[in-house]
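# Geometric and topological summary
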Amino acid sequence: QVQLVESGGGLVQTGGSLRLSCAASGGSFSSRAMGWFRQTPGKEREFVAGINRSGGNTRYSDSVKGRFAISRDNTKNTVYLQMNSLKPEDTAVYYCGAATPRTYVPITPFAYDYWGQGTQVTVSS
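Below or above, wherever it landed, is the structure these notes cover. None of these values were measured; they are calculated from a predicted model. Starting afresh in each chain, residues are numbered from 1 along the sequence in its written order. Local features in a predicted model are, by the rule used here, given only for residues with pLDDT of at least 70; side-chain atom pairs are given and counted only at 80 or more, and totals for whole chains, interfaces and linings are based on all residues. Just so you know, side-chain values use all the structure's heavy atoms and leave hydrogens and water out.

### Notes on the overall build of the chain
How we decide: Strands here mean DSSP runs of E at least two residues long; helices mean DSSP runs of H or I at least four residues long; both are numbered from the N terminus. Whether a residue is buried, partly exposed or exposed follows from its accessible area with a 1.4 Å probe, protein chains only, as a fraction of its type maximum: under 20%, in between, or over 50%, in that order. Here a residue-residue contact requires only that any non-hydrogen atoms of the pair lie within 4.5 Å. Only four residue types enter the tally: Lys and Arg on the positive side, Asp and Glu on the negative side, with His and both chain ends excluded. Here the site of a charge means NZ on Lys, CZ on Arg, CG on Asp, or CD on Glu.
The helix and strand inventory of the chain stands at 0 helices and 11 strands. Helices and strands in the chain line up, N terminus first, as β-β-β-β-β-β-β-β-β-β-β. Dimensions of the chain along its principal axes, counting C-alpha atoms only, are 40 × 30 × 25 Å. Counting across all 125 residues of the chain, residues that qualify as buried make up 44%. In the chain, the proportion of contacts linking residues at least 24 apart, taken out of those at least 6 apart, comes to 58%. In the chain, 13 positive and 8 negative side-chain charges are present, and the distance between their average locations comes to 5 Å.

Following this line, the structure appears as structure tokens:
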């Protein structure tokens, strides 16, 4: 079992920044790729960013590439999402997920078997 707890969400103005954190416990964090997804009411969970086990490989959705950065600290069992130049369309509940053990970074939510409770990010115009 892996427990994930997100933090760092909040209300920010357009162009602002936020840093999300996801702390993991109870499982083999360093053996899992990690991902950030977001979801708005009535829509499917959308891939935002992912990072492989070692942190040497990352993937981003086109909508956040160049603005967001994912990183991880395996000594602290934590993955981060630095979000810059935020836009109103980034408003969503952000979830971190732990993928089933593999070597690549999956972008489908079905490859992730543990999820946090989510943290709300609201970007005002």
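### What to know about the pattern of salt bridges
Definition in use: Every case where a carboxyl oxygen of Asp or Glu lies within 4 Å of a side-chain nitrogen of Lys or Arg is listed as a salt bridge.
Going through the model one piece at a time under the given rule, you end up with 5 salt bridges. The shortest N-O distance in the salt bridge between Arg38 and Glu46 comes to 2.9 Å. On the basis of relative accessibility, which here comes to 34%, the residue Glu46 falls in the partly exposed class. Salt bridges here are not isolated pairs; linked through shared partners, they connect Arg38, Glu46, Arg67 and Asp90.

### Structural notes on the nonpolar core
General note: in soluble globular proteins, nonpolar side chains tend to be found buried as a group. The cut-off we apply is this: Take the buried Ala, Val, Leu, Ile, Met, Phe, Trp, Tyr and Cys residues and link them wherever side-chain atoms come within 4.5 Å; each set so joined is a nonpolar core.
Formed by 27 residues in total, the largest nonpolar core has its most connected members in Leu4, Met34, Trp36, Leu81, Met83 and Tyr94. Listed by contribution, the elements that provide at least two residues to this core are strand S3 (18-25), strand S4 (34-39), strand S5 (46-51), strand S7 (68-73), strand S8 (78-83), strand S9 (92-99) and strand S11 (119-124). Counting residues in each nonpolar core, the second largest holds 7 residues, with Phe37, Phe47, Val105 and Ala111 among its members.

### Quick notes on the sheet that holds S7
Selection criterion: DSSP bridges decide pairing: two strands pair if at least two such bridges lie between them. Working convention: axes come from line fits to C-alpha atoms, limited for helices to the stretch in contact. Angles between N-to-C directions cover 0 to 180 degrees.
Pairing is antiparallel across the open sheet formed by 4 strands, whose spatial order is S1-S3-S8-S7. Where the open sheet ends on each side, the last strands, each with one partner, are strand S1 (3-7) and S7. Taken over all neighbouring pairs, the strand axes of this sheet differ in orientation by 15° on average, direction set aside. Relative to S3, S1 runs antiparallel, the two being bridged by 5 bridges. Bridged to Glu6 within S3 is Cys22.

### Side note on unusual backbone geometry
Working note: non-glycine residues mostly have negative phi, and peptide bonds are mostly trans. Backbone geometry at Asn77 places phi at a positive 50°, although glycine is not the residue there. Residue Asn77 is classed as partly exposed on the basis of its relative accessible area, which comes to 25%. For Ser85, which is not glycine, the phi torsion reads 50° and is therefore positive. Examined against the element boundaries, Ser85 turns out to sit in the loop between S8 and S9.

### Description of the packing of aromatic side chains
Within a pair of aromatic rings, the relevant descriptors are the distance that separates the centres and the angle that separates the planes. The criterion, for reference: Only Phe, Tyr and Trp rings are paired, with Trp represented by its six-membered ring, and only when their centres lie within 6.5 Å; those with planes under 30 degrees apart are stacked, over 60 edge-to-face, the remainder tilted.
Within this structure, the stated rule accounts for 4 aromatic pairs. With a centroid separation of 5.5 Å and an interplanar angle of 75°, the aromatic rings of Phe37 and Phe47 are classed as edge-to-face. Linking Phe37 in strand S4 with Phe47 in strand S5, this pair joins segments that are 10 residues apart in sequence. Using a relative accessible area of 11% as the deciding quantity, one classes Phe47 as buried. Ring centres 5.0 Å apart and planes at 75° place the aromatic pair Phe37 and Tyr112 in the edge-to-face group.

Note that all results are geometric; they support no functional claim without further evidence.
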